[in-house]
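Summary of structural features
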Amino acid sequence: KQEVTQIPAALSVPEGENLVLNCSFTDSAIYNLQWFRQDPGKGLTSLLLIQSSQREQTSGRLNASLDKSSGRSTLYIAASQPGDSATYLCAVRGGAGNMLTFGGGTRLMVKP
Amino acid sequence: GAVVSQHPSWVICKSGTSVKIECRSLDFQATTMFWYRQFPKQSLMLMATSNEGSKATYEQGVEKDKFLINHASLTLSTLTVTSAHPEDSSFYICSARTSGASSYNEQFFGPGTRLTVL
């Protein structure tokens with residue numbers, strides 16, 4: 001059974017810092033990996049989708065990398081802003097049912 | 001990206017009543033829709049997967065008679081919480097995947113529905 005772990009569970013940084021969120025998964029037989037953002041009481045917003053054949057994806061200040069063989073992904077946020085404060089969820093797709101398995105999330109607080 | 005809507009965004013009901021939550025894919029057809037439940041400060045837990053025109057597949061531990069799922073069209077799925085109790089209070093999120101069997105199909109999420117059972 002696929003297990004997805006995110007470290008750290010919570011992170012507080014001053015505005016302007018570059019930061020890295022980590023995601024690891026136990027079964028490397030995945031189709032793709034997605035990073036989501038969730039604001040309190042809201043649904044999920046997809047940030048980046050990396051296919052299993054890709055190594056990284058970039059969108060603005062966000063860069064996500066994927067090392068499928070080692071079961072790891074990182075989300076890099078450059079020049080963090082208070083508006084980046086949210087919970088970031090990593091999810092991998094795979095398995096017989098082609099299902100998404102979520103990590104526990106990282107709660108990010110960027111202080112002005 | 002594609003848009004998924006949910007209605008209502010929040011609902012308060014009395015214990016013992018039933019509540020229906022709608023999930024719609026607004027600008028694409030979704031052969032597969034998913035229902036998740038999320039407790040405070042926890043991640044999403046998949047409850048069930050529904051394919052248009054067929055019965056939903058429930059995850060282990062999810063009572064199918066309590067959480068009725070209907071996926072009658074390619075753009076609409078409903079979740080009915082029957083005889084709701086306070087422990088059913090939670091944040092329910094639906095998701096829709098674009099048509100086709102490709103593993104590259106992205107999954108899009110609705111804004112969630114906050115259910116509070118008194």
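Everything quoted here is computed from the prediction, not taken from an experiment.

Each helix and strand in chain A was counted, giving 0 helices and 11 strands. Counting helices and strands in the order they occur from the N terminus, chain A gives β-β-β-β-β-β-β-β-β-β-β. The C-alpha atoms of chain A give a radius of gyration of 13 Å, which matches the 13 Å a tight globule of 112 residues would have. In terms of overall dimensions, chain A has C-alpha extents of about 45 × 30 × 20 Å along its principal axes. Across chain A, every contact between residues at least 6 apart in sequence was considered, and the portion connecting residues at least 24 apart equals 54%. Side chains of chain A carry 10 positive and 8 negative charges; the gap between the two charge centres is 5 Å.

Here we come to the interface of chain A and chain B. Contacts between chain A and chain B engage 23 residues on the former and 22 residues on the latter. Here chain A packs against chain B, burying approximately 1600 Å² in sum over the two surfaces, 52% of which is carbon and sulfur. There are 0 salt bridges connecting chain A and chain B. Broken down by element, the residue count for the side of chain A that touches chain B peaks at 5 residues, all from strand β4 (residues 30-38) of chain A. Partitioned by chemical class, the residues of the side of chain A that touches chain B number 8 nonpolar, 12 polar and 3 charged.

Residues and elements named next belong to chain B. Counting buried residues in strand β5 (residues 44-51) gives 6 out of 8 residues, a clear majority hidden from the surface. One ladder, built from 7 bridges, connects strand β4 (residues 32-38) with β5; its direction is antiparallel. In the sheet register, R37 faces β5, and the bridge partner there is M45. Between the end of β4 and the start of β5, which pair antiparallel, lie 5 residues, with K41 showing a positive phi angle near 60°.

On to the sheet that holds strand β8 (residues 72-77) of chain A. All names here are of chain A. Ordered in space as β1-β3-β8-β7-β6, the 5 strands form an open sheet in which the pairing is antiparallel. Of all strands in the sheet, those with a lone pairing partner are β1 (4-7) and β6 (56-59), marking the two edges. Taken over all neighbouring pairs, the strand axes of this sheet differ in orientation by 15° on average, direction set aside. In terms of strand pairing, strand β7 (residues 62-67) meets β8 through 6 bridges, oriented antiparallel. Residue pairing in the sheet places A64 in a bridge with L75 of β8.

Positionally, A:R93 belongs in strand β9 (residues 86-94). In sequence terms A:R93 and A:Q57 are 36 residues apart; their C-alpha atoms lie 16 Å from each other.

Quick look at a nonpolar patch on the surface now. Residues B:W10, B:I12 and B:L118 make up a contiguous nonpolar surface patch of about 390 Å² in total accessible area. If you trace the backbone, B:W10 turns up in strand β2 (residues 10-13).

About the cut-offs
Residues numbered from 1 in each chain as written. Chains lettered and ligands numbered in written order. Predicted model: local features only at pLDDT ≥ 70, side-chain atom pairs only at ≥ 80, totals over all residues. Heavy atoms only, no water. Helix = DSSP H or I, 4+ residues; strand = E, 2+ residues; numbered from the N terminus. Rg over C-alpha atoms; globule rule 2.2 N^0.38 Å. Contact = heavy atoms within 4.5 Å. Lys, Arg positive; Asp, Glu negative; His and termini not counted. Charge placed at Lys NZ, Arg CZ, Asp CG, Glu CD. Buried area = accessible area lost by both parts, 1.4 Å probe. Salt bridge = Lys/Arg side-chain N within 4 Å of Asp/Glu carboxyl O. Nonpolar A, V, L, I, M, F, W, Y, C, P; charged D, E, K, R; others polar. Buried < 20%, exposed > 50% of the residue type's maximum accessible area, 1.4 Å probe, protein only. Pairing = 2+ DSSP bridges. Axes fitted to C-alpha atoms, helices over the stretch in contact; angles between N-to-C directions. Patch = residues over 30% accessible without salt bridge, like charges linked within 9 Å, V, L, I, M, F, W, Y side chains within 5 Å. Areas by Shrake-Rupley, 256 points an atom, 1.4 Å probe, with all protein chains shown as cover.

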